[in-house]
Structures are given as C-alpha cells and as structure tokens.
Amino acid sequence: MFSFIAAFFMSLPIFDSTLYQMSEEAFWRLPSVQQPIDVYHPNYELLDAALFHQTNHHRRQYGLAPLQYRLGVHQAARFHSEAMIYQNFYSHGSPMHGMESFDRRIKHFDGQFRTIAENIAEMGILQTGRDNSYCFDTHADGSYFYIDCKTQRPMPMLSYQTLAQKALDLWMHSKGHRQNILSSAMLYMGCAGQISLYPYTTPQGPYIRLTQDFAGQAL
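1. Examining the environment of H53
With respect to the secondary-structure elements, H53 resides in helix α4 (residues 44-61). Owing to a relative accessible area of 4%, H53 belongs among the buried residues under this scheme. Measuring from C-alpha to C-alpha, the distance between H53 and L67 comes to 9.3 Å, with 14 residues separating the pair along the chain. Excluding its chain neighbours within four sequence positions, the residues that come into contact with H53 are L19, Y20, M22, S23, E24, F27 and W28.

2. Digging into the pattern of salt bridges
For the coordinates displayed, the defined rule picks out 7 salt bridges. For the salt bridge of R78 with E82, the shortest nitrogen-to-oxygen distance reads 3.2 Å. On the criterion of helical spacing, the pair formed by R78 and E82 is a turn pair, its members being 4 residues apart in helix α5 (residues 71-86). With respect to class, R78 is no different from E82; both count as buried. A salt bridge links E100 to R104, with the shortest nitrogen-to-oxygen separation between them at 2.9 Å. If you follow the salt bridges from partner to partner, you end up with D48, R78 and E82 in one network.

3. Let's talk about unusual backbone geometry
A positive phi angle is found at N88, which is not glycine, with a value near 55 degrees. Locating N88 in the fold gives a position in the loop between α5 and α6 (102-109). The backbone of N132 shows a phi angle near 60 degrees, a positive value even though the residue is not glycine. Assignment of secondary structure puts N132 in the loop between β2 (116-124) and β3 (135-138). On the basis of relative accessibility, which here comes to 51%, the residue N132 falls in the exposed class.

4. Remarks on the nonpolar core
As a rule of thumb, soluble globular proteins bury nonpolar side chains together. Core analysis: the largest hydrophobic core is formed by 40 residues, its most contacted members being F27, L51, I125, L163, I208 and L210. Among all residues touching I125, those that are not within four sequence positions of it are I37, V39, P156, M157, L158, L163, I195, P206, Y207 and I208.

5. Observations regarding helix α7 (residues 160-172)
What sets the pattern is the α-helix's 3.6 residues per turn: residues three or four places apart point alike. Here α7 spans 18 Å end to end across 13 residues, near enough to the 18 Å set by a 1.5 Å rise per residue. Those residues of α7 that sit buried are Y160, Q161, L163, A164, A167, L168, W171 and M172. End-on view of α7: buried residues confined to an arc of 160 degrees, all on one side of the axis. Packed against the buried residues of α7 are α3 (24-28), α4, β2, α8 (175-181) and β6 (207-215).

6. Let's talk about the sheet that holds β2
Pairing within the open sheet is mixed, and its 4 strands lie in the order β1-β5-β6-β2. The sheet is open, and its two borders are formed by β1 (68-69) and β2, each paired with just one other strand. One ladder, built from 8 bridges, connects strand β5 (residues 188-195) with β6; its direction is antiparallel. If you follow Y188 over to β6, its bridge partner there is A215. Strands in contact with α6 are β2 and β6; relative to β2, the strand with the most contacts, it is inclined by about 110 degrees.

7. Some details on the state of the cysteines
Per the counting criterion, the structure on display carries 1 disulfide. Across the disulfide, C135 is cross-linked to C149 (sulfur-sulfur distance 2.1 Å). An S-S torsion of about 115 degrees defines the bridge between C135 and C149 as right-handed. Linking C135 in strand β3 with C149 in the loop between β4 (144-147) and α7, this pair joins segments that are 14 residues apart in sequence.

8. Some details on the packing of aromatic side chains
Each pair of aromatic rings is reported with the distance of its centres and the angle of its planes. Summed over all chains, the structure comprises 10 aromatic pairs. On the basis of an interplanar angle of 85 degrees and a centroid distance of 4.9 Å, the ring pair of Y20 and F52 is categorised as edge-to-face. Taken together, the residues span a long stretch of sequence, with Y20 in helix α2 (residues 18-21) and F52 in helix α4 at a distance of 32 residues. Note on accessibility: Y20 and F52 belong to one class, buried. Taken together, a centroid distance of 6.0 Å and an interplanar angle of 80 degrees make the contact between Y134 and Y146 edge-to-face. Linking Y134 in the loop between β2 and β3 with Y146 in strand β4, this pair joins segments that are 12 residues apart in sequence. Classification of Y134 as partly exposed rests on a relative accessible area of 24%. Judged by relative accessible area, which is 4%, Y146 ranks as buried. Taken together through their ring pairs, the aromatic side chains of Y40, Y134, Y146 and Y200 make up a single cluster. Lying over the aromatic face of Y188, R70 brings its terminal NZ or CZ to 4.7 Å of the ring centre.

Cut-offs applied
- Every chain's residues receive numbers from 1 upward, in the order its sequence appears when written.
- Side-chain atom pairs in this predicted model are given and counted only at pLDDT of 80 or more, local residue features only at pLDDT of at least 70, and totals for whole chains, interfaces and linings cover all residues.
- To obtain the side-chain values, all non-hydrogen atoms of the structure were used and water was disregarded.
- Only runs of H or I of at least four residues qualify as helices and only runs of E of at least two qualify as strands under DSSP, and these elements are numbered from the N terminus.
- Partly exposed describes any residue whose relative accessible area lies between the buried limit of under 20% and the exposed limit of over 50%, with all areas from a 1.4 Å probe on protein chains only and scaled to the type maximum.
- Should any heavy atoms of two residues lie within 4.5 Å, those residues are considered in contact.
- Any carboxyl oxygen of Asp or Glu within 4 Å of a side-chain nitrogen of Lys or Arg constitutes a salt bridge here.
- To form a nonpolar core, buried Ala, Val, Leu, Ile, Met, Phe, Trp, Tyr and Cys residues must be joined to one another through side-chain atoms within 4.5 Å.
- Expected helix span is given by 1.5 Å per residue-to-residue step, counting one fewer step than there are residues.
- By construction, the arc corresponds to the directions joining the helix axis to the C-beta atoms.
- Whether two strands pair depends on DSSP finding at least two bridges between them.
- Axis lines are fitted to C-alpha atoms, over the contacting stretch for helices. Their N-to-C directions set the angle, which ranges from 0 to 180 degrees.
- By disulfide we mean two sulfur atoms from cysteines, separated by a distance within 2.5 Å.
- Think of it this way: a Phe, Tyr or Trp ring, Trp meaning its six-membered ring, pairs with another when their centres are within 6.5 Å, and the plane angle makes it stacked under 30 degrees, edge-to-face over 60, tilted otherwise.
- Charges are assigned to positions over rings by a cutoff of 6 Å between ring centre and Lys NZ or Arg CZ, combined with an angular limit of 35 degrees from the ring normal.

Right, here's the structure in full:
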C-alpha cells in the first residue's frame, strides 16, 4: 500500500485547468469528446472534465450555480479512483493508511471545509443498447471480445460524453448521490475515473470506477 501512495505522489499529474475554464457548449464541441474511449490509452484529463461539465449541466437544469473546479478536490477524487482500481476495492472507505475516508483525503490534498461529500460509481464502458445486452467470445490467446448479439458486429466503447451522461444518470436516480450533486452548500468539485487494469480478460468487459468529491466553504 505504501508503494501505491508513494508512486501516486511521485507521478502526480499537472491537470489541464483550461478544460474547466471552457463553457459547457465549447467543451462538448471538442471532437475528442465524441471519440470512443481507448481503454488502453484513455485520456483521463478529458474524462474527468466530461464528468465535471455534465454534473454542472444537471445543476443548471435545477437553477443552481455551477460548481467551481478546485485542484486539491480533484486530486483527492483521482487518488481514490486510482486506489479503487489498483488496490481492487469499491467503497468510500479505503485500506490506504491515512486516506481511509473522503474527509481525510480531501483534507490531505486541499484543506478543511464546512461541508464535504463524495459520490462513487462503477459502470461498464461497452456501448450497449437499451437492454444492456451483448455477446462475447474469446481470441486464441484467451482474451475476450464483445459483439452485438443480433448483428455480430464488435461492440464499441462509450465516448467520453456518453460515459459522463450515463454516469450522471446513474447518480441522479439515487437519492443520496442526487442530493450531493444538487446541494446548495457545495461550491467546489473534482471528478475522476479509472478504468479496469485488464479490460479484456473477463466476460463482463471493461469497466470504470468513478469518484466525485464536493466541498463547500473553506475553513
């Protein structure tokens, strides 16, 4: 566990804040946002920003002010999403020493706030139909591939925009998650997703684990 924490801090990325300074309309017009996600070489900066903009889209629909991007809150969310994949757990609670809860993670990366909250989710990345069905088979090397059961065509991956839309639909249909997203006490947000390590080794297909961290007024 120490090695993961050390490695995370040694490779802590410099996030591109320009993606968060764009308007929602300008962001969704980026051609890269519409591209299927390459699960072996995902653009995590783009993915995280897509989740951020889609969250604020829902807040605007309810007449709420959009949340502001905050680097430390984003780093806390990214740390947790990476930990959930690399340490193979799915929970708000973490086995990482000193990072066991989201309040500790947010405090470590940013500071203390009057109000904080966290949403997490796990979802598949295959672009399935409304019934979420698909078929699969294996290559000679044992790796899986995924196809449309009717057409026998390969199943594409979700685009960055579609993944963000599906993730927010999932959260908005859950009372507690929805309350966090629409809370008037929150001012800041950071979102992060991390894709499964071995995406073609199971019949279930590639999946992603997501974290949204929220913060209100700083103390």
